Amino acid sequence: FILGDHLTLTLPFLAPLFLLWEDVRMLLIFQAVWISASLIAIFKLVLLRKFSSLAALALGFVYSLFYGIQFLVFFDFHPVVIGVGLLPWLAYFLESKQKRLFWLMLILLLLTQENMGLALSSLGLLYLFKQGYRTTAIACVVGGIAASLLAAKIIALFSPVGFQYAPQLTLHPILFIQQLFDSTEKQQVWLYSFAWFSFLPLLSPGAILAVTLDLAQYFTTGPEFARMWSPFMHHRAILAPYLLLGTLDALSWLKTKKINPQTVSLILVFGVLVQQLIFHFPLNKLSKPAYWQTEPWMKDNKQLMENIPPDARIATQQSLIPHLSHRKEIYLAWPRVHDFPSKSCGQVSCWWLDFDSKAQWLFIDTHPNQWITQLLETNEHVTSALTNMEREGKIK
């Protein structure tokens, strides 16, 4: 049950989009438009902070190309994009004193996913250091943490294993800091995140605390969730609003030192272009001919989809479900290890694919080098599962 994984309560609001185009790719269009629309809030917020329009355009450019946002768009559709798009508006409505719209954005944010309470807390940490906002900031920090804890409890009610993403926190300060930096991927996240804004957010204590709080929920989980440490996933997109606000704080301080914020903003644009060139983030893929090629396995999958009867009940892997999402009955095929006393695979424990017994067809793509998010296991284990199931007569 989906609410036993993530508490994504704003997804039903996207249903009317399918009246415009009844295709799952509508979600990808929404994602791009939603992220782009948040740039309006960024632009208005920069102007509200008394910076020039050129600085606002430059910072909007830097924000929109943030490496985490690039990987979010490249990865697939994910509900976290809703939260990323809401945070700039939340900050703008807070600073422009539009209370009703601020509360609307806050409620939508908390409904988006269970960890958006922590996102609200991170935003509160940024305003904790700004005069005139401290009471609101404290309320956001405390209320956000409470909201995420409540959401985790609700998820546990719908999940047979409880809330599985709970961090393994330690109260020892040195060990806690070590957890934040004890792998190459974690170190890359810190580097890419602050380097994208030319390390200016390091001048903002609120930004440092906001980023630390956000990353701590991922970096203190066990090794079974090591995929969430990666800089190359959708998780990092949420850092963009915090780092942008930290950059604005830094520019305000530099302004008091007679350093032109407009010039600094243009330097940030140059830095982003250099990093894009050096680190080959997803936007670079658009210039690669291989990105646009239709590979043989894609043609095979398309042909198979066309040949399966439209009323057939299908079980398939995670990455193919969107392509078959308009069928009436479709089920997820999930790799599992089962014990067989007969030792049908040469040992007691064998790989197997679990899926609903009502499924008539099993559709699995066996081309090599698929991501774990496509099959939910390694290629080798899924291939082994298919072999075992065929040997036992479960599939033919």
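A. Region of interest: the overall build of the chain. Of regular secondary structure, the chain possesses 17 helices and 5 strands. In terms of overall size, the chain behaves like a compact globule, its C-alpha atoms giving a radius of gyration of 23 Å where 396 residues would be expected to give roughly 21 Å. Burial status across the chain gives 48% buried among its 396 residues. For the chain, restricting intrachain contacts to residue pairs at least 6 apart in sequence, the fraction spanning at least 24 positions comes to 68%. Carbon and sulfur atoms make up 65% of the accessible area of the chain, which totals about 20,600 Å².

B. Just the pattern of salt bridges, in detail. Considering all chains together, one arrives at 5 salt bridges under this definition. In this structure, the salt-bridge partner of Asp182 is Lys186, at a minimum N-O distance of 2.7 Å. Among the residues examined, Asp182 registers a relative accessible area of 48% and is labelled partly exposed. According to the relative accessible area criterion, Lys186 is buried, its value standing at 1%. Here the salt bridges do not stand alone but share partners, grouping Arg49, Glu95 and Asp249 into one network.

C. Spatial organisation of the layout of surface pockets. Approximately 380 Å³ is the volume attributed to the second largest pocket. Along the walls of the second largest pocket sit 13 residues, with Ile69, Gln70, Val73, Phe74 and Leu283 positioned nearest its centre. Counting residues per element, the ones that place at least two in the lining of the second largest pocket are α2 (26-48) and α4 (67-75). Ranked by residue count, the leading element in the lining of the second largest pocket is α4, at 4 residues.

D. Spatial organisation of the environment of Phe61. By the secondary structure assignment, Phe61 is in helix α3 (residues 53-64). Since its relative accessible area comes to 33%, Phe61 is described here as partly exposed. Here the alpha-carbon distance between Phe61 and Ser36, two residues 25 residues apart in the chain, equals 10 Å. If we ignore the near neighbours within four places in the chain, the residues touching Phe61 are Val269 and Leu273.

E. Quick peek at the sheet that holds strand β2 (residues 330-332). Strand order in the open sheet formed by 3 strands is β2-β1-β5, and the pairing between neighbours is parallel. A single partner strand is all that each edge strand has here, and the edge strands are β2 and β5 (361-363). For this sheet, the mean angle separating the axes of adjacent strands, direction not counted, is 30°. Two strands pair when backbone bridges link them, and strand β1 (residues 314-316) and β5 are joined in this way by 3 bridges, in the parallel orientation.

F. Spotlight on a nonpolar patch on the surface. On the surface, a cluster of nonpolar side chains totalling about 830 Å² of accessible area is made up of Leu191, Phe199, Leu202, Ile208, Phe270, Val274, Leu277, Ile278 and Phe279. The leading source of residues in the nonpolar patch is helix α13 (residues 261-279), at 5 residues.

G. Expanded view of the side chain of His367. With respect to the secondary-structure elements, His367 resides in the loop between β5 and α16 (372-375). Overall, the relative accessible area of 14% leaves His367 in the buried class. Polar contacts involving the side chain of His367 include one to the side chain of Asp365, which spans 2.9 Å. Each residue touching His367, except ones within four places of it in the same chain, is listed here: Trp297 and Asn379.

H. Fine view of the nonpolar core. Within the largest apolar cluster, 85 residues are counted, with the highest numbers of intra-cluster contacts made by Phe66, Tyr67, Leu90, Tyr127, Trp196, Leu239 and Tyr242. Once residues within four sequence positions are removed from consideration, Leu239 is found in contact with Phe66, Tyr67, Val189, Ser193, Val211, Asp214 and Leu215.

I. Examining the packing of helix α5 (residues 80-95) against helix α6 (residues 99-112) more closely. Packing of α5 against α6 leaves a shortest axis separation of 9 Å and a crossing angle of 155°. In this view, α5 runs roughly antiparallel relative to α6, as classed from their interaxial angle. Handedness of the α5/α6 crossing: left-handed. Facing Ile82, Gly83, Leu86, Leu87, Trp89, Leu90, Phe93 and Leu94 of α5, the residues of α6 in contact are Leu101, Phe102, Met105, Leu106, Leu108, Leu109 and Thr112. For the contact of α5 with α6, the residue count by class is 13 nonpolar, 2 polar and no charged.

J. How the structure looks around α13. With 19 residues, α13 extends 26 Å from end C-alpha to end C-alpha; this agrees with the ideal 27 Å at 1.5 Å per step. Residues of α13 that are buried include every one of Pro261, Val264, Ser265, Leu268, Val269, Gly271, Val272, Gln275 and Gln276, and no others. Along the axis of α13, the buried positions cluster into a sector of 165°, meaning they face one direction only. Summarising the geometry of α13, the exposed residues directed more than 90 degrees from the buried face are Phe270, Leu277 and Ile278. Contacts made by the buried residues of α13 are with α3, α4, α10 (184-196) and α12 (239-256). Sitting at the amino-terminal end of α13 is Asn260, which places a side-chain oxygen 2.9 Å from the backbone nitrogen of Gln262.

K. Quick peek at the side chain of Glu95. Among the structural elements, Glu95 can be located in helix α5. Judged by relative accessible area, Glu95 falls into the buried class, the value being 10%. Among the polar contacts listed, one links the side chain of Glu95 to the side chain of Tyr127, at a separation of 2.5 Å.

L. Layout of the packing of aromatic side chains. Applying the stated criterion across every chain, the model contains 24 aromatic pairs. Through a chain of ring-to-ring contacts, three or more aromatic side chains come together here, namely Phe66, Tyr67, Phe71, Tyr192, Trp196, Phe197, Phe232, Phe279 and Phe281. Seen from the ring of Trp229, Lys186 lies directly overhead, with NZ or CZ sitting 4.1 Å from the centre.

What counts and how
- Residues numbered from 1 in each chain as written.
- Predicted model: local features only at pLDDT ≥ 70, side-chain atom pairs only at ≥ 80, totals over all residues.
- Heavy atoms only, no water.
- Helix = DSSP H or I, 4+ residues; strand = E, 2+ residues; numbered from the N terminus.
- Rg over C-alpha atoms; globule rule 2.2 N^0.38 Å.
- Buried < 20%, exposed > 50% of the residue type's maximum accessible area, 1.4 Å probe, protein only.
- Contact = heavy atoms within 4.5 Å.
- Areas by Shrake-Rupley, 256 points an atom, 1.4 Å probe, with all protein chains shown as cover.
- Salt bridge = Lys/Arg side-chain N within 4 Å of Asp/Glu carboxyl O.
- 1 Å grid on protein atoms, 1.4 Å probe; cavity = no way out; pocket = protein on both sides within 12 Å on 5 of 7 lines; lining within 4 Å.
- Points joined across faces, edges and corners; volume = space filled by probe spheres on them.
- Pairing = 2+ DSSP bridges.
- Axes fitted to C-alpha atoms, helices over the stretch in contact; angles between N-to-C directions.
- Patch = residues over 30% accessible without salt bridge, like charges linked within 9 Å, V, L, I, M, F, W, Y side chains within 5 Å.
- Polar contact = N/O pair within 3.5 Å; in protein donor to acceptor, adjacent residues only side chain to side chain.
- Core = buried A, V, L, I, M, F, W, Y, C linked by side-chain atoms within 4.5 Å.
- Parallel < 35°, antiparallel > 145°, perpendicular 65-115°, else oblique.
- Left-handed = near helix turned anticlockwise from the far one by under 90°.
- Nonpolar A, V, L, I, M, F, W, Y, C, P; charged D, E, K, R; others polar.
- Expected span 1.5 Å × (residues − 1).
- Arc of directions from axis to C-beta.
- Phe/Tyr/Trp six-rings, centres within 6.5 Å; stacked < 30°, edge-to-face > 60°.
- Lys NZ or Arg CZ within 6 Å of the ring centre and 35° of its normal.

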